[in-house]
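Residue strings, one per chain:
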Amino acid sequence: MSKLGNLGARLYRGEVGYDFIGKRKIWYGISILITITAIVGLAVRGLNMGIEFSGGAVFTTPATSVSATQAQHQAESAAGGHQAVVQKLGGGSLRIQISGLDTKQALPVQEELAKDLKIPVKDVNTQLVGPSWGEEIANKAWLGLGIFMVLVVLYLAIAFEWRMALGALIALIHDLTITVGIYALVGFEVTPGTVIGLLTILGYSLYDTVVVFDSLKEASKDITKQNRFTYSEIANRSINSTLVRSINTTVVALLPVAGLLFVGGGVLGAGMLNDISLALFVGLAAGAYSSIFIATPLVADLKGREPQIKALAKRVKAKRAAAAAKDASQEDTEDPAPATADAEDGGAAVVGPRHQPASRNRGRGRPSGKRR
């Protein structure tokens, strides 16, 4: 068995483990700090909405020797300061999209681009995109997100309990906030691919959370009928027992996404790959973190407020205190008393009672006196 497999087996049996629940305030603090950073980045920089949402024009050129960086500067200069996104397509052609252009502005920009790139105007294909299409996509995405959240809460409340549903919902909001904040800080363009990525990560995040919740539900069945473990301890053991599986599934899912992000997006310069892969990469990592450090500790906190769980914690604490006192008393009574020597007589130490009971017949001879 591999070392990781051996560790997973020991975690599952409870032989080793890490106190995730006991250190939950640390994880809460880290999550709050990251979330505040994401919100500040979103408020200060805002989202770089793509042409599908803001409207504009898309210009496609034939093969040219001009680099994407040079074409971007020329396009922004021709568009009067409007932001341009340039992609190098197969065969050396360019795709230039400029947000905020209307029909009247698109024709002069097309002519200026053809002049700067030294190609005929007729070879520059122009396509106008209205903001209404992007707005329709955004509205459908919000609707789908709302329906998804409602169904998730209902399912978890029925299959598990409302505390787990609330913990999973907070974890999902946590993942979405961090992912959107990273988009704002990095400055990546928000496109329909971004929306697809955001909706996709919700399923991955929920999967890890449900795995831990299922283990917790099974382990906490009839928990109030025993006095050995508290609910927090059982929740912590559930996290540890599924820890290796959560790490394995997350790493396996992140590897191809990282390939899309750093190889497909960074090296090949594919914009749509950047949009989807960044959302997936950040969302998968945040989802794995929230399922371990946020969702289950929140459930333990909420569950710990129940009177029955509070009474259980008191019984467990009292039983352990009584066991500790009993062990301490046994150690005291089992300590052997040191043998003491009789210094005055110079004899050996007496082992056993000092006064032996007098026997009724000290000898086997006949007693004195005459027998009648």
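The structure we're discussing is the one just above.
Residues numbered from 1 in each chain as written. Predicted model: local features only at pLDDT ≥ 70, side-chain atom pairs only at ≥ 80, totals over all residues. Heavy atoms only, no water.

K.L.:
Looking at this structure, how should I read the packing of aromatic side chains?
P.N.:
What characterises a pair of aromatic rings is the spacing of the ring centres plus the angle enclosed by the ring planes. Considering all chains together, one arrives at 6 aromatic pairs under this definition. An angle of 65 degrees between the planes, with centres 4.7 Å apart, marks the rings of tryptophan 27 and phenylalanine 293 as edge-to-face. Placement of the pair is tryptophan 27 in helix α2 (residues 24–44) and phenylalanine 293 in helix α11 (residues 271–303), with a sequence separation of 266 residues. Through successive ring pairs, a cluster of aromatic residues spans Tyr18, Phe20, Trp27, Tyr289 and Phe293. (Phe/Tyr/Trp six-rings, centres within 6.5 Å; stacked < 30°, edge-to-face > 60°. Helix = DSSP H or I, 4+ residues; strand = E, 2+ residues; numbered from the N terminus.)

K.L.:
Any chance you could explain the sheet that holds strand β3 (residues 84–88) here in plain terms?
P.N.:
Strand pairs in the sheet, formed through backbone hydrogen bonds, run parallel or antiparallel to each other. Here 4 strands make up an open sheet; going across it, the order is β3-β4-β2-β5 and the pairing antiparallel. A single partner strand is all that each edge strand has here, and the edge strands are β3 and β5 (125–129). Shown here is a sheet whose adjacent strand axes are inclined to one another by a mean of 15 degrees, direction ignored. This element, helix α4 (residues 68–78), spans β3 and β4 (94–99) of the sheet and lies at about 150 degrees to β3. Helix-sheet contacts for helix α5 (residues 103–117) involve β2 (56–61), β4 and β5, and the interaxial angle to β2 is about 30 degrees. (Pairing = 2+ DSSP bridges. Axes fitted to C-alpha atoms, helices over the stretch in contact; angles between N-to-C directions. Contact = heavy atoms within 4.5 Å.)

K.L.:
Help me understand the environment of serine 93, please; the structure alone is not making it clear to me.
P.N.:
Within the element layout of this structure, serine 93 appears in the loop between β3 and β4. Distance in space between the C-alpha atoms of serine 93 and serine 67 is 10.0 Å, their sequence separation being 26 residues. When neighbours within four sequence positions are excluded, serine 93 is seen to be in contact with Thr61, Pro62, Ala63, Gln87 and Lys88.

K.L.:
Quick question: what am I supposed to make of the side chain of threonine 209 here?
P.N.:
Mapped onto the fold, threonine 209 is located in helix α8 (residues 192–219). Its relative accessible area of 2% is what places threonine 209 among the buried residues. Polar contacts involving the side chain of threonine 209 include one to the main-chain carbonyl oxygen of serine 205, which spans 3.1 Å. Not counting residues up to four positions away in its chain, the partners in contact with threonine 209 are Ala168, Ser291 and Ala295. (Buried < 20%, exposed > 50% of the residue type's maximum accessible area, 1.4 Å probe, protein only. Polar contact = N/O pair within 3.5 Å; in protein donor to acceptor, adjacent residues only side chain to side chain.)

K.L.:
Please explain the pattern of salt bridges as it appears in this structure.
P.N.:
In a structure, side chains of opposite charge can pair up when their charged atoms sit close to one another. Tallying each qualifying case throughout the model produces 7 salt bridges. Between arginine 24 and aspartate 301 there is a salt bridge, with its nearest N and O atoms 2.7 Å apart. In this pair, arginine 24 is assigned in helix α2 and aspartate 301 in helix α11, connecting sequence segments 277 residues apart. A relative accessible area of 23% means that arginine 24 is categorised as partly exposed. (Salt bridge = Lys/Arg side-chain N within 4 Å of Asp/Glu carboxyl O.)

K.L.:
Could you clarify how one ought to interpret the packing of α8 against helix α9 (residues 231–241) in this entry?
P.N.:
Pairs of packed helices are described in terms of their axes, by the angle between the two and the distance that separates them. Their axes nearest at 9 Å, the elements α8 and α9 cross at an angle of 135 degrees. Between α8 and α9, the crossing angle belongs to the class labelled oblique. For the pair α8 and α9, the crossing hand works out as right-handed. From α8, Val212, Ser215, Leu216 and Ala219 reach across to α9, where they touch Tyr231, Ile234, Ala235, Ser238, Ile239 and Ser241. Among the residues forming the contact of α8 with α9, the class breakdown is 7 nonpolar, 3 polar and no charged. (Parallel < 35°, antiparallel > 145°, perpendicular 65-115°, else oblique. Left-handed = near helix turned anticlockwise from the far one by under 90°. Nonpolar A, V, L, I, M, F, W, Y, C, P; charged D, E, K, R; others polar.)

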